[in-house]
Amino acid sequence: MGEHQRNELPAIEAELVDEPESAPPVVPAFDYTESGVPNFDYVRDRIETRVGTAAAATELSGDVPEAKSVEERMAERDQAGRDRLEEIRRSMRGE
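Okay, so let's go over this structure.

1. Regarding the overall build of the protein
Okay, step 1: When you go through the protein residue by residue, the secondary structure sums to two helices and zero strands.
Okay, step 2: Per-residue burial for the protein yields a buried fraction of 5% across its 95 residues.
Okay, step 3: Of the accessible surface of the protein, which amounts to about 9,800 Å², a share of 55% is contributed by carbon and sulfur atoms.

2. A short note on the pattern of salt bridges
Okay, step 1: Inspection of the entire model under this criterion finds three salt bridges.
Okay, step 2: We note a salt bridge from Asp41 to Arg44, for which the minimum N-O separation is 3.1 Å. Pair noted here: Asp41 and Arg44 are both in helix α1 (residues 40-61), with a separation of three residues, about one helical turn.
Okay, step 3: Exposure remark for Asp41: the relative accessible area of 41% places this residue in the partly exposed category.

3. Some details on a nonpolar patch on the surface
Okay, step 1: The grouping of Val43, Ile47 and Val51 at the surface amounts to a nonpolar patch, some 250 Å² of accessible area in total.
Okay, step 2: Of note, Val51 is situated in helix α1.
Okay, step 3: Classification of Val51 by relative accessible area gives exposed; the value is 52%.

4. Overview of the packing of aromatic side chains
Okay, step 1: Within this structure, the stated rule accounts for one aromatic pair.
Okay, step 2: Look at Tyr32 and Tyr42: their rings are 5.3 Å apart centre to centre, the planes differ by 45°, and that puts the pair in the tilted class. Remark: Tyr42 occurs in helix α1 and Tyr32 occurs in the segment before α1; sequence separation between them is 10 residues.

5. Some thoughts on the side chain of Asp31
Okay, step 1: Along the chain, Asp31 turns up in the segment before α1.
Okay, step 2: Salt bridges are absent for the buried Asp31, whose nearest opposite-charge side chain, Arg46, sits at 8.3 Å.

The rules behind these values
Residues numbered from 1 in each chain as written. Predicted model: local features only at pLDDT ≥ 70, side-chain atom pairs only at ≥ 80, totals over all residues. Heavy atoms only, no water. Helix = DSSP H or I, 4+ residues; strand = E, 2+ residues; numbered from the N terminus. Buried < 20%, exposed > 50% of the residue type's maximum accessible area, 1.4 Å probe, protein only. Areas by Shrake-Rupley, 256 points an atom, 1.4 Å probe, with all protein chains shown as cover. Salt bridge = Lys/Arg side-chain N within 4 Å of Asp/Glu carboxyl O. Patch = residues over 30% accessible without salt bridge, like charges linked within 9 Å, V, L, I, M, F, W, Y side chains within 5 Å. Phe/Tyr/Trp six-rings, centres within 6.5 Å; stacked < 30°, edge-to-face > 60°. Lys, Arg positive; Asp, Glu negative; His and termini not counted.

As structure tokens, then:
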């Protein structure tokens, strides 16, 4: 009663393989000079990307007229819903 049986899995044959040596990260030659200074095209692309990201974030945050228009329409819809609900409640009370 004190003996526990183990479920043993069949042995699998395998071969150990040495891991390849990790190579240093490759920096594209066209983005930097040999002394490690970024070139003009690389800097311009980074700036344009950041400007685009900032413009999109501003648009999504609601600081543009189109977003305010949507917010105003939603507020009007919410108010109309509250008004209609109040009208239904009054009619149910018999007022």
